[in-house]
Amino acid sequence: MAGRGKLIAVIGDEDTCTGFLLGGIGELNKNRKPNFLVVEKDTSITEIEETFKSFLVRNDIGIILINQFIAEMIRHAIDGHLESIPAVLEIPSKEHPYDASKDSILRRAKGMFSAEDFR
Amino acid sequence: MGLSKTEETSLLLDEQLLQYMDQLESLQEKRSALNTLIEQGWFSLSKARYSMGNKQVSSLQYASEMEPQIFVQARAVENDALEFCTERITIQSPTERVQNTTSVEDIGPKEEGVRRRIKASKDMAEPEELVGASTENPSPTSTKPPSESHRNNSDQNPQADPLKWFGILVPQTLKQAQSSFRQVIELSAEIATLQAAVLKTREEFRLALKLSC
């Protein structure tokens, strides 16, 4: 178990989760919690946030993939995550194309220079 | 004549800025590729859903037990940069497993065992299986045809291909969707590496800028 590497978690709509599970990232057994969350219309923001935080706390998850429109719902939680692992990747969904201006990582990277640097 | 400290710092800052721009450009290219591949995957899923039925390609089909086939290794490389690499576990189909086991069995026991060919025609299959089973299990009473035992294993084996959740014969579009999403997963690891590199370069640049002032 120790040498097998980390998991890739996904928080997304049904199509996104189905696609990635088809790709082979899913883990689900009696002893452990799943490494994915299918977000539907009636999924509460609290549940999404709790799932995201639980993925952050797990030491066996290396990357978290999240639809950007879901990331917008829990933006404060994503902005608060500053560690390198797990890496958080925002991905588009069918109804919401990817917008680089909303991506947490790129927003942090965009602030390369501040006004004080030019004084 | 050596460069002055200011010139050295300026060169370092320029180098870091160029590296930062290169990383941002690579990140943008990979993101664009990822978005395209994901869209291809969704399109293939939709086509598969159209031919198989709405409920046949949905979360209702997820297995009750799943084992991941792909893992990601996060390791530190030079300059404390973080690199994400994916590794995939290859799955043998039941037929491959049977072929592999029978090929191993054919080498040894054929020369050692005594085979009875006197029995009636309906029992002709048994000597072959008895020889094969003896290498794994000495008691002949517990003999099971290898294909059946492997089929049971694959049913219970949570590492079975996720494609099997949707039926035995799935349309080509579902396989295309799987292929697209597998590529997306590989790209995700590269993007995660680039994101970490971009943030690290930014921190180093800002630190160097502060020290130069």
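Cut-offs and rules
- Residue positions are counted from 1 within each chain, in the order its sequence is given.
- Key to labels: chains lettered from A, ligands numbered from 1, both in the order written.
- Whole-chain, interface and lining totals are the exception, using all residues; otherwise, since this is a predicted model, local features are given only for residues with pLDDT of at least 70 and side-chain atom pairs are given and counted only at 80 or more.
- Processing note: side-chain calculations cover all non-hydrogen atoms of the structure and skip hydrogens and water entirely.
- UniProt positions are given in the numbering used here, feature names are shortened, and annotations may be inferred rather than shown by experiment.
- Counting from the N terminus, the helices are DSSP H or I runs at least four residues long and the strands are E runs at least two residues long.
- Note on exposure labels: buried denotes an accessible area under 20% of the residue type's maximum, exposed denotes more than 50%, and partly exposed covers the range between, all computed with a 1.4 Å probe on protein chains only.
- The contact definition used throughout considers only heavy atoms, calling two residues in contact when any of these lie within 4.5 Å.
- In this analysis an axis means a line fitted to C-alpha atoms, helices contributing only their contacting stretch, and an angle means the value between N-to-C directions, from 0 to 180 degrees.
- Should an angle lie under 35 degrees it is considered roughly parallel, over 145 roughly antiparallel, and from 65 to 115 roughly perpendicular; all remaining angles are considered oblique.
- Helix crossings fall into two classes, left-handed where the near helix is turned counterclockwise from the far one by less than a right angle and right-handed where it is turned clockwise.
- All amino acids are sorted into three groups, where Ala, Val, Leu, Ile, Met, Phe, Trp, Tyr, Cys and Pro are nonpolar, Asp, Glu, Lys and Arg are charged, and the leftover types, Gly among them, are polar.
- Here the nonpolar core consists of buried residues drawn from Ala, Val, Leu, Ile, Met, Phe, Trp, Tyr and Cys, with membership extended through side-chain atoms lying within 4.5 Å.
- At least two bridges found by DSSP between two strands are what make those strands a pair.
- Throughout, buried area stands for the accessible area (probe radius 1.4 Å) lost by two parts on being put together, summed over both.
- Salt bridges are defined by distance alone: a side-chain nitrogen of Lys or Arg within 4 Å of a carboxyl oxygen of Asp or Glu.
- Whenever two N or O atoms come within 3.5 Å, that pair is a polar contact, provided that in protein one can donate a hydrogen and the other can accept it, and provided that, for residues adjacent in sequence, both atoms are side-chain atoms.
- Each helix should span, by expectation, one fewer than its residue count multiplied by 1.5 Å.
- An arc is given here, and it is the one of the directions from the helix axis to the C-beta atoms.

In the annotation of an unreviewed UniProt entry, the entry for chain A reads V-type proton ATPase subunit F, and the organism field reads Gadus morhua. Entered under Subunit (unreviewed entry) in the UniProt record, the comment concerning chain A runs "V-ATPase is a heteromultimeric enzyme made up of two complexes: the ATP-hydrolytic V1 complex and the proton translocation V0 complex."

Colleague: Describe the overall build of chain A, listing the residues and the values that go with them.
Modeller: A count of helical and extended segments in chain A gives five helices and four strands. Going from N to C terminus, chain A has its helices and strands arranged as β-α-β-α-β-α-α-β-α. Counting over 119 residues, chain A shows a buried share of 55%. Looking at chain A alone, contacts between residues at least 24 apart form 65% of all its contacts between residues at least 6 apart.

Colleague: Tell me about helix 1 (residues 14-23) of chain A, and name the residues and values.
Modeller: Residues and elements named next belong to chain A. For helix 1, the tally of buried residues reaches nine of 10 residues, placing the bulk of the element in the interior. Among all positions of helix 1, only Asp15, Thr16, Cys17, Thr18, Gly19, Phe20, Leu21, Leu22 and Gly23 are buried. Downstream of helix 1 by a residue or two, Gly24 has a phi angle that is positive, lying close to 105 degrees.

Colleague: Report on the packing of helix 1 (residues 5-52) of chain B against helix 6 (residues 172-212) of chain B, specifying residues and quantitative values.
Modeller: Two numbers describe a pair of packed helices, the interaxial angle and the distance between the axes. Residues and elements named next belong to chain B. Between helix 1 and helix 6, the least distance of the axes is 7 Å, while the angle of their chain directions is 160 degrees. Put simply, helix 1 runs roughly antiparallel to helix 6. Crossing hand, helix 1 versus helix 6: left-handed. Along the lines of polarity and charge, the residues of the contact of helix 1 with helix 6 split into 25 nonpolar, 16 polar and six charged.

Colleague: Run through the nonpolar core, naming residues and quoting values.
Modeller: Residues Phe20, Ile25, Ile63 and Leu65 of chain A together with Tyr62, Phe84 and Leu174 of chain B are the most contacted members of the largest nonpolar core, which totals 49 residues. In terms of residues, this core owes the most to one element, helix 6 of chain B, which gives 12 residues. The contact partners of Phe20 of chain A, leaving out residues within four places of it in the chain, are Val10, Ile25, Leu65 and Ile91 of chain A together with Ile38, Phe181, Val184 and Ile185 of chain B. Among the nonpolar cores identified, the runner-up in size contains 18 residues, and Ile11, Ala71 and Ala77 of chain A together with Phe71 of chain B belong to it.

Colleague: Can you tell me about the sheet that holds strand 4 (residues 87-91) of chain A, naming the residues and giving the values?
Modeller: All names here are of chain A. One open sheet holds the four strands; their spatial order is 2-1-3-4, and the pairing between them is parallel. The open sheet terminates on both sides in strands that have one partner only, identified here as strand 2 (36-38) and strand 4. Ignoring strand direction, the axes of neighbouring strands in this sheet form an average angle of 20 degrees. Judged from the five bridges that link them, strand 3 (residues 61-67) and strand 4 form a sheet pairing that is parallel.

Colleague: Account for the interface of chain A and chain B, with residues named and values stated.
Modeller: The interface of chain A with chain B comprises 51 residues on the first partner and 54 residues on the second. Surface buried jointly by chain A and chain B totals about 4,300 Å² across both partners, of which 66% is contributed by carbon and sulfur atoms. Counting across the chain A and chain B interface gives two salt bridges. Across the pair Arg49 of chain B and Asp15 of chain A runs a salt bridge, and its minimum N-O distance is 2.6 Å. Along the contact surface separating chain A from chain B lie 15 residue pairs in polar contact (both at pLDDT 80 or more). Taken together, the elements giving at least two residues each to the side of chain A that touches chain B come down to strand 1 (7-12), helix 1, strand 2, strand 3, strand 4 and helix 5 (104-110) of chain A. Ranked by the residues each element gives to the side of chain A that touches chain B, the list is headed by helix 1 of chain A, at 10 residues. Class assignment for the residues of the side of chain A that touches chain B results in 24 nonpolar, 14 polar and 13 charged.

Colleague: Any chance you could break down helix 2 (residues 45-57) of chain A for me, citing the residues and the numbers?
Modeller: Residue and element names in this part refer to chain A. The end-to-end C-alpha separation of helix 2 is 18 Å, in line with the 18 Å expected for 13 residues at 1.5 Å each. Regarding helix 2, the residues found buried are Ile48, Glu49, Thr51, Phe52 and Phe55. Burial along helix 2 is one-sided: seen end-on, the buried residues are contained in an arc of 160 degrees. Looking at helix 2, the residues exposed on the side facing more than 90 degrees away from the buried face are Thr46, Glu50 and Val57. Lining the buried residues of helix 2 we find strand 1, strand 2, strand 3, helix 3 (68-73), helix 4 (75-79) and strand 4.

Colleague: Report on the packing of helix 1 of chain A against helix 6 of chain B, specifying residues and quantitative values.
Modeller: Closest axis-to-axis distance for the helix 1 of chain A/helix 6 of chain B pair is 8 Å, and the angle between their directions is 85 degrees. Taken together, the axes of helix 1 of chain A and helix 6 of chain B lie roughly perpendicular to each other. When helix 1 of chain A is examined against helix 6 of chain B, the residues Asp15, Thr16, Gly19, Phe20, Leu22 and Gly23 of chain A are found in contact with a partner set consisting of Leu174, Ala177, Gln178, Phe181, Arg182, Val184 and Ile185 of chain B. By residue class, the composition of the contact of helix 1 of chain A with helix 6 of chain B is seven nonpolar, four polar and two charged.

Colleague: A description of the pattern of salt bridges should follow, citing residues and the corresponding values.
Modeller: Where charged atoms from two side chains of opposite charge come close, those side chains can pair. All names here are of chain B. On inspection of all chains with the given rule, the structure shows 13 salt bridges over all chains. Between Glu83 and Arg75 there is a salt bridge, and its shortest N-O distance comes to 3.9 Å. Judged by relative accessible area, Glu83 falls into the partly exposed class, the value being 30%.

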